[in-house]
Amino acid sequence: MLIFALMELPVNNIVDQFGRVHDYLRISLTERCNLRCVYCMPEEGIALRPKAEFMNTSEVLKMAETFVSLGVKKIRLTGGEPLVRSDAKILLEKLSKLPVELAITTNGILIDKFFDTIKTSGIKSINVSLDSLNKEKFNSITRRNDFDKVISNINLLLNNNFHVKVNAVVIKGVNEDELADFVRWTSDKNVHVRFIEFMPFDGNKWDFSKVISLETILAKVRKQFGEKVKRINDRKNDTSKNYSIEGFKGTFAIISSVTNPFCDTCNRLRLTADGKIKNCLFSDSETDLLSAMRRGEDIVPLIREAVWHKKSVRAGITSFENLEKRKNRAMIAIGG
Ligand code: SAM
Ligand code: SF4
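Here the focus is the site of ligand 2. The environment of ligand 2 is formed by Cys33, Leu35, Cys37, Tyr39, Cys40, Gly80, Asn107 and Ile332. Its residues assigned to classes, the shell around ligand 2 comprises 6 nonpolar, 2 polar and no charged.

Structure below.
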């Protein structure tokens, strides 16, 4: 039955049993990072593993090429911090030769160091994480002192006409008081702020009471900006609900993975730095592509099978109670 169904699929696409075509791959390049964000990196850190357990340069490229041959049209590099990898420059150069839209999610610290490579790699859209506009608070969330660097690198990107999305994870009692400041920040900057609901991962001390929901975020912004808040069109497969304030140069958006998941249009796949495919951010099952590739096996059937078994909604999690108890990797080891 399954084989019959697979034979009917267009050869070139990776499709699940609900007909969702998966053409967007997020590759985590590393589990290492130069920050220690409280919502991502467990306080005790994560166990360091031998380099041999992770994809090397040519393995990353071979994985990417395989996914592109299966219809992937967009690749986003993430991590950990993708730019701390010693071969990040080579990877950007080589991946940019593939017929895909290449994008990156970064904490922004190393943007200036990689600026020329980023420009020549044709990356147009960059997501930078910034959870507070207040230096002390930012440094306390990230457990490091790089606020000025991140801000100056965001400005560098904006001054060079990159499409910059700023990701801010909103956590109760931490930065919920800054929503209006972030929105005000978009008034004369062509920056796209995205408020992300705090999600549960191993070691990040999540509980539902710390989540500031889409509804609350919107209500707080509306309280400040009233009728000037305008809903703007979402693009196909957008994970965010998009808004702008009348007359402002930038926009803001809300990503509501917890209270309002957007699974029915999901086209995303995740490849971890150790070469495992995760068919959903919340899934606790993984398929080991790297070991198979090292044994010289064809990984295409493994990819197809992993995607076919993707659940219709959030890895089968239907309630917040289950969300809390769910075993998963720490976010730093998944690749957001
Ligand atoms: N180091 C890069 C960065 O910070 O942008 C890329 C990796 S990071 C894991 C990718 C994204 O995941 C970031 O925007 C981060 O804010 C988000 N993230 C991490 N942990 C999260 C959590 N518990 N809930 C929601 N978003 C989270
Ligand atoms: Fe590092 Fe990004 Fe995780 Fe922060 S969110 S610890 S910058 S990987």
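Looking now at the side chain of Glu176. For Glu176, the position within the fold is in the loop between β5 (163-170) and α7 (179-185). There is a polar contact of 2.7 Å between the side chain of Glu176 and the backbone nitrogen of Gly173. Not counting residues within four places of it along the chain, the set of residues in contact with Glu176 comprises Val170, Ile171, Ile212 and Lys220.

The next subject is the packing of aromatic side chains. In the structure shown here, the tally under the stated rule is 9 aromatic pairs. Plain terms: the ring middles of Phe201 and Phe282 are 6.2 Å apart, the flat faces sit at 0 degrees to each other, and that makes the pair stacked. Here Phe201 is found in the loop between β6 (191-197) and α8 (214-225), whereas its partner Phe282 is found in the loop between β11 (276-278) and β12 (287-288), with 81 residues between them in sequence. Like Phe201, the residue Phe282 is buried in the burial classification. Through a chain of ring-to-ring contacts, the aromatic side chains of Phe182, Trp185, Phe195, Tyr243 and Phe252 assemble into a single cluster. Directly above the ring of Tyr243 sits Arg231, whose terminal nitrogen or CZ lies 5.2 Å from the centroid.

Glancing now at the environment of Ser244. Within the secondary structure layout, Ser244 lies in strand β8 (residues 240-245). Using a relative accessible area of 14% as the deciding quantity, one classes Ser244 as buried. The spatial distance from the C-alpha of Ser244 to the C-alpha of Glu44 is 39 Å, given a sequence separation of 200 residues.

Take the site of ligand 1 next. In the neighbourhood of ligand 1, 20 residues make up the surrounding shell, with Tyr39, Gly80, Ser129, Asn167 and Met199 lying closest. Within the side chain of Ser129, one N or O atom sits 2.6 Å away from an oxygen atom of ligand 1. Across the complex, the protein chains shield 95% of the 540 Å² of accessible surface that ligand 1 would expose by itself. If you list the elements that add at least two residues to the shell around ligand 1, you get β3 (101-106), β5 and β6. For the shell around ligand 1, the class distribution of residues is 8 nonpolar, 10 polar and 2 charged.

Once that is clear, we can look at the confidence of the model for the chain. Taken over all residues, the pLDDT of the chain has a mean of 91, while the share at 70 or more is 93%. Confidence over residues 1-10 falls short of pLDDT 50; this stretch has 6 contacts with residues more than four positions distant or in other chains.

By size, the foremost hydrophobic cluster in this structure holds 101 residues, and its most contacted members are Ile27, Phe67, Ile75, Phe195 and Phe252. For this core, the element with the most residues is helix α2 (residues 57-69), which contributes 6 residues. Not counting residues within four places of it along the chain, the set of residues in contact with Ile27 comprises Met55, Val60, Ala64, Ile75, Arg76, Leu77, Thr78 and Leu271.

All right, on to the sheet that holds β5 then. Strand order in the open sheet formed by 12 strands is β7-β8-β9-β6-β5-β4-β3-β2-β1-β10-β11-β12, with mixed pairing between adjacent strands. Whereas interior strands pair on both sides, the edge strands pair on one side only; in this sheet they are β7 (229-231) and β12. Where strand β10 (residues 268-271) and β11 come together, 2 bridges link them in antiparallel fashion. Its bridge partner being in β11, Arg270 is matched across the sheet by Lys278.

What counts as what
Residues numbered from 1 in each chain as written. Chains lettered and ligands numbered in written order. Predicted model: local features only at pLDDT ≥ 70, side-chain atom pairs only at ≥ 80, totals over all residues. Heavy atoms only, no water. Near = heavy atom within 4 Å. Nonpolar A, V, L, I, M, F, W, Y, C, P; charged D, E, K, R; others polar. Helix = DSSP H or I, 4+ residues; strand = E, 2+ residues; numbered from the N terminus. Polar contact = N/O pair within 3.5 Å; in protein donor to acceptor, adjacent residues only side chain to side chain. Contact = heavy atoms within 4.5 Å. Phe/Tyr/Trp six-rings, centres within 6.5 Å; stacked < 30°, edge-to-face > 60°. Buried < 20%, exposed > 50% of the residue type's maximum accessible area, 1.4 Å probe, protein only. Lys NZ or Arg CZ within 6 Å of the ring centre and 35° of its normal. Areas by Shrake-Rupley, 256 points an atom, 1.4 Å probe, with all protein chains shown as cover. pLDDT = per-residue confidence, 0-100. Core = buried A, V, L, I, M, F, W, Y, C linked by side-chain atoms within 4.5 Å. Pairing = 2+ DSSP bridges.

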